[in-house]
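So the chains spell out like this:
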Amino acid sequence: MSEDSNASVLEVRTYFVRGRNALVARADFEPLYIDYYLHRADHGLQYTNEQDAMLKDALAGLTLHLASRPQDENCGWTMNFQKPAINLFVTGNTRPGQIAGRVFTEDVRDMGANIFSAQTTRIGHTAQQSLVQVEGNQILPCVEQYYQQSEQRLARFFRNTEEDIVMISSQPDCDEAWLAALTEEDVRTIDQKETLSLLETRRYIWKCGCTVERLYPILAKLSPEALKEAFGDDEVMTVQCPRCGARYRAAKEQFEAWQAKAS
Ligand SMILES: [Zn+2]
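What counts and what doesn't
- Residues numbered from 1 in each chain as written.
- Predicted model: local features only at pLDDT ≥ 70, side-chain atom pairs only at ≥ 80, totals over all residues.
- Heavy atoms only, no water.
- Donors = N, O, S within 2.8 Å, 3.2 Å for Na, K, Ca; no water.
- Tetrahedral: all angles 85-135°; square planar, octahedral: opposite > 155°, others 65-115°.
- Axes fitted to C-alpha atoms, helices over the stretch in contact; angles between N-to-C directions.
- Helix = DSSP H or I, 4+ residues; strand = E, 2+ residues; numbered from the N terminus.
- Parallel < 35°, antiparallel > 145°, perpendicular 65-115°, else oblique.
- Left-handed = near helix turned anticlockwise from the far one by under 90°.
- Contact = heavy atoms within 4.5 Å.
- Nonpolar A, V, L, I, M, F, W, Y, C, P; charged D, E, K, R; others polar.
- 1 Å grid on protein atoms, 1.4 Å probe; cavity = no way out; pocket = protein on both sides within 12 Å on 5 of 7 lines; lining within 4 Å.
- Points joined across faces, edges and corners; volume = space filled by probe spheres on them.
- Expected span 1.5 Å × (residues − 1).
- Buried < 20%, exposed > 50% of the residue type's maximum accessible area, 1.4 Å probe, protein only.
- Pairing = 2+ DSSP bridges.

Draft legend 1. Highlighting the coordination of the zinc ion. Coordination of the zinc ion by the protein comes from Cys 208 (SG), Cys 210 (SG), Cys 241 (SG) and Cys 244 (SG), over a distance range of 2.3 to 2.4 Å. Each of the 4 donor atoms around the zinc ion contributes to a set of angles spanning 105 to 114°, which defines the coordination as tetrahedral. Here the donor residues of the zinc ion are spaced in sequence according to C-x1-C-x30-C-x2-C.

What follows is the structure in structure tokens.
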């Protein structure tokens, strides 16, 4: 746990609402956001305030989703927006608890609509991909639409403060009328009005797990000519992680040694 020992740990608590059959997942995202900002500073990732707010909400939505799911699920969400034309990518898993993501602003495909695509993998299960069209570019409402269309159940997000976010999702035999009618004020006092039982506390950190070696397969897809050009005369190029945007200096010599070993 050497490099992770400095990571700020985000705790997500989940509760079961008795009699309503709903699952509450709640966290204060400040620790995750601190390390996300450090990561951006380390790698010179410049996002506009709007992109930043959208990515932070996507990170929060994914974390609360993962905390509400089986522990061995891995998840990646790609959201393609028309206005502004950006792609967001967030990914994470619970074992170990890691979350990362990034914004793409270049070469964003015009899909003619806002598209939310979810990929879920779980050991011993076939990978699942789900693609739905969503309205608007408010991230948490988009996640609610994804639940409605793809999971075909109700999930709602509420903000206690900017960084203290709650997701309540329906479970079998949920009192959906109650869940649909909940207001932010109701959620603030939910522990006084309802019987909540604590299920789990899960911990997550900001971490992608990428290294320059893990990005070599991306370089390996380039043609010899493109590689030659990218490495240039000084035989070093910058490669960017597609999952978190981290920038690495890849040296031609090391890459070729890796390629020789891999083939
Ligand atoms: Zn990465």
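Draft legend 2. Highlighting the packing of helix H2 (residues 49–67) against helix H3 (residues 139–151). Where H2 meets H3, the closest approach of the two axes is 9 Å, and the angle between their N-to-C directions is 40°. Classified by the angle between their axes, H2 and H3 sit oblique to one another. Remark: the crossing between H2 and H3 carries right-handed chirality. Facing Met 54, Asp 57, Ala 58, Gly 61 and His 65 of H2, the residues of H3 in contact are Ile 139, Leu 140, Tyr 147 and Glu 151. When its residues are assigned to classes, the contact of H2 with H3 shows 5 nonpolar, 2 polar and 2 charged.

Draft legend 3. Inspection of unusual backbone geometry at higher detail. Along the chain, Lys 83 connects to Pro 84 via a cis peptide bond; the corresponding omega equals -5°. Here Pro 84 is to be found in the loop between strand S3 (73–81) and strand S4 (86–93). Cis rather than trans, the peptide bond between Arg 95 and Pro 96 has omega equal to -5°. Mapped onto the fold, Pro 96 is located in the loop between S4 and strand S5 (98–104). Backbone geometry at Gln 152 places phi at a positive 50°, although glycine is not the residue there.

Draft legend 4. How the structure looks around the layout of surface pockets. Of the pockets and cavities examined, the second largest pocket occupies roughly 340 Å³. Around the second largest pocket, the lining is made up of 13 residues, and of these Arg 102, Val 103, Thr 105, Glu 106 and Gln 240 lie nearest the centre. Considering every element that reaches the lining of the second largest pocket, the biggest residue donor is S5, with 3 residues. Residue composition of the lining of the second largest pocket, by class: 4 nonpolar, 5 polar and 4 charged.

Draft legend 5. Structural context of helix H1 (residues 30–43). Helix length check: H1, at 14 residues, gives a terminal C-alpha distance of 20 Å against a target of 20 Å (1.5 Å per residue), a fit within 8%. Buried residues in H1 make contact with strand S1 (10–17), H2, S5, strand S9 (164–170), strand S10 (196–206) and strand S12 (247–251). Looking at the residues trailing H1, positive phi occurs at Gly 44, about 60°.

Draft legend 6. The pairing of strand S2 (residues 22–28), seen in detail. Among the 7 residues of S2, 5 are classified as buried, and the element is accordingly described as predominantly covered. Sheet analysis places S1 next to S2, joined by 5 bridges and oriented antiparallel. Looking at the pairing, Thr 14 lines up with Ala 25 of S2. The turn joining S1 and S2, which pair antiparallel and follow one another in sequence, is formed by 4 residues; a positive phi near 85° is taken by Gly 19. Relative to S9, S2 runs antiparallel, the two being bridged by 7 bridges.

Draft legend 7. Region of the structure containing the environment of Glu 185. Here Glu 185 is to be found in helix H5 (residues 184–188). Taking the C-alpha atoms as reference, Glu 185 lies 9.4 Å from Phe 158; in sequence the two are 27 residues apart.

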